[in-house]
Amino acid sequence: MKKSIEDILKECRELAFDLKFTRSRNWLKENPKGVVVGYMPIYFPREVIHAAGGLPVAIFGGGDRKEIIKGDAYYQSYICHIPRSIMELALDKHLDHMSGFIFPSICDVIRNLSGIFRQQKIGKFVKYMDFPQNFMPSIGGVFYQQEMQHVMDYVTELTGKKVTNEDMNKSIALYNTNRSLIEKIYDIRQEFPWRLSITDVYHIVRAGTVIPVEEHNAILEDVVEYMSGNVGIPQDKIKVVISGAFCEQPAVGLIRAIEDAGCYVVDDDYMLGSRMILGDIASYTSNGLEAIANSYIKQSQYSSSIYDVDDPKEHRLAKIVKKRGADGVIFASASFCDPSLLDAPIFQNAFNKMGIRYIAFQFSENINQYKVIKEQVGTFSDSIKLWEGEPA
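Colleague: So what exactly am I meant to see when it comes to the layout of surface pockets here?
Modeller: By rolling a water-sized probe across the atoms, one finds the places where empty space is left. For the largest pocket, the calculated volume is near 290 Å³. Taken together, 20 residues line the largest pocket, and the ones lying closest to its centre are C107, D108, V109, D338 and P339. Elements with a contribution of two residues or more to the lining of the largest pocket: α5 (108–119) and α13 (338–354). Among the elements that line the lining of the largest pocket, the one with the most residues is α5, at 4 residues. For the lining of the largest pocket, the per-class residue count stands at 15 nonpolar, 1 polar and 4 charged.

Colleague: Whenever I open this one, empty space enclosed by the protein confuses me. Can you help?
Modeller: Counted by the stated rule, this structure contains 8 cavities of 30 Å³ or more. Looking at the largest cavity, its volume works out to about 80 Å³. S243, G244, F246, S304 and F347 are the residues nearest the centre of the largest cavity, which is lined by 14 residues in total. Taken together, the elements giving at least two residues each to the lining of the largest cavity come down to β7 (328–334) and α13. The element contributing the most residues to the lining of the largest cavity is α13, with 4 residues. A per-class count over the lining of the largest cavity returns 6 nonpolar, 6 polar and 2 charged.

Colleague: What should I look at first to understand the packing of helix α8 (residues 198–207) against helix α9 (residues 213–227) in this one?
Modeller: Packed helices, taken two at a time, are described by the angle their axes make and the gap between the axes. Remark: α8 packs on α9, axes separated minimally by 9 Å, with the N-to-C direction vectors making an angle of 155°. In this view, α8 runs roughly antiparallel relative to α9, as classed from their interaxial angle. In contact with I204, V205 and A207 of α8, α9 contributes H216, L220 and V223. Split by residue class, the contact of α8 with α9 holds 5 nonpolar, 1 polar and no charged.

Colleague: Just to check I follow, could you spell out the sheet that holds β7 for this structure?
Modeller: Spatially, the 4 strands line up as an open sheet ordered β6-β5-β7-β8, and their pairing is parallel. The two strands at the open ends of the sheet, each matched to only one other strand, are β6 (263–267) and β8 (357–363). Between one strand axis and the next, the sheet turns through 35° on average, direction left out of account. Pairing of β7 with β8 involves 7 bridges; the strand directions are parallel. Looking at the pairing, V329 lines up with Y358 of β8. Packed onto the sheet, helix α7 (residues 165–191) meets β5 (238–243) and β6 and runs at close to 140° relative to β6.

Colleague: Is there a simple way to explain the pairing of strand β2 (residues 54–58) in this structure?
Modeller: Where a strand is regular, its side chains alternate between the two sheet faces. Burial of β2 is extensive: 5 of the 5 residues sit out of reach of the surface. Of the two faces of β2, the one holding G54, P56 and A58 and the one holding L55 and V57 are both buried throughout. Handedness of the β-α-β unit built from strand β1 (residues 35–39), helix α3 (residues 46–51) and β2 comes out right-handed.

Colleague: Explain unusual backbone geometry here, please?
Modeller: Glycine aside, a negative phi is what most residues show, and trans is what most peptide bonds show. Across the junction of P41 and I42, the peptide omega takes the value 10°, indicating a cis bond. The residue I42 is located in the loop between β1 and α3 in this model. Even without being glycine, F21 reaches a positive phi, approximately 55°. Residue placement: F21 occurs in the loop between α1 (5–16) and α2 (22–30). You can call F21 buried: its relative accessible area is 7%. With phi around 65°, F336 is a residue other than glycine that occupies positive phi space. Topologically, F336 is positioned in the loop between β7 and α13.

Criteria and thresholds
Residues numbered from 1 in each chain as written. Predicted model: local features only at pLDDT ≥ 70, side-chain atom pairs only at ≥ 80, totals over all residues. Heavy atoms only, no water. 1 Å grid on protein atoms, 1.4 Å probe; cavity = no way out; pocket = protein on both sides within 12 Å on 5 of 7 lines; lining within 4 Å. Points joined across faces, edges and corners; volume = space filled by probe spheres on them. Helix = DSSP H or I, 4+ residues; strand = E, 2+ residues; numbered from the N terminus. Nonpolar A, V, L, I, M, F, W, Y, C, P; charged D, E, K, R; others polar. Axes fitted to C-alpha atoms, helices over the stretch in contact; angles between N-to-C directions. Parallel < 35°, antiparallel > 145°, perpendicular 65-115°, else oblique. Contact = heavy atoms within 4.5 Å. Pairing = 2+ DSSP bridges. Buried < 20%, exposed > 50% of the residue type's maximum accessible area, 1.4 Å probe, protein only. Right-handed = clockwise from strand over helix to strand, strands pointing away.

If you want it as structure tokens, here you go:
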């Protein structure tokens, strides 16, 4: 019997914030030869782990649902919050079923966190993963393939599986479907944002980072079918794009407060890793790692982790604003998030010249008081609705 949308949303809410990662523990029981591999934000090509017989699971920290007691001892007070809660999860054995951990390059904090995991001997392998900053396939692309092969070697050493071209192509195709369905949801919301709230979309996409991709694709297909119907009631809200919350995640209450304050969020970078590659990766190839590397070089989403001087990120974000028909941008940066806060002036200076309206605020994953931010967002919304014809 097909699940109702209410049951799907309830399941996704539970999966998204199951800090004991119950589904991956059960998957390991069902697949005793498999391994569960944790990865940190922002992005890792999950196809590599899937093809090698593993289950990739995203670790976004404890948010506002995990009290930090021991994790604070590992970090200074003037850095972001997410490494403390990840350490708390590790020290409380929430990650003890994971065989390895991948720390994608984004900032010094994540780099140092990988060192602490290695020092504390958490997991059977720890990989700090660099991404190419040279966008020539013969240089950056080859380097990236070597980094992915390094991870694959770690995983296959544990699973004993020899990865074939067929394995890689199958995994690539599954994640192509996953990204395509997520993008379909955003495309529907672009025109009909009232059909499903951004909070529900957030739960749905985040749930997909902790369960097998095959199960997530089935969920997404049902959600797309639901949203394709004429459901919900339009409200008088402006459309906005959220930028800057790609690593440490805001509390769900804050995500909800932005829409409650008068904004439809028609695009965002909350779960950027699940949407990093735009379009499909070649899934009929004799070299899957090369196909993934080429997709990162040629089809990656704008991100603070990518420094492509030939395709400035402020122009890429402006294109998203235009594509989605957004009225403005909300820059939401985690406190002490160097990549996001360093990018903010670049975006804002460019948007001043382009006439794109914006506001900015900072948050922490465990913040649960949103009154000031809600008032700020509400004022932003009202100013656009009431004085839309005025110069920006």
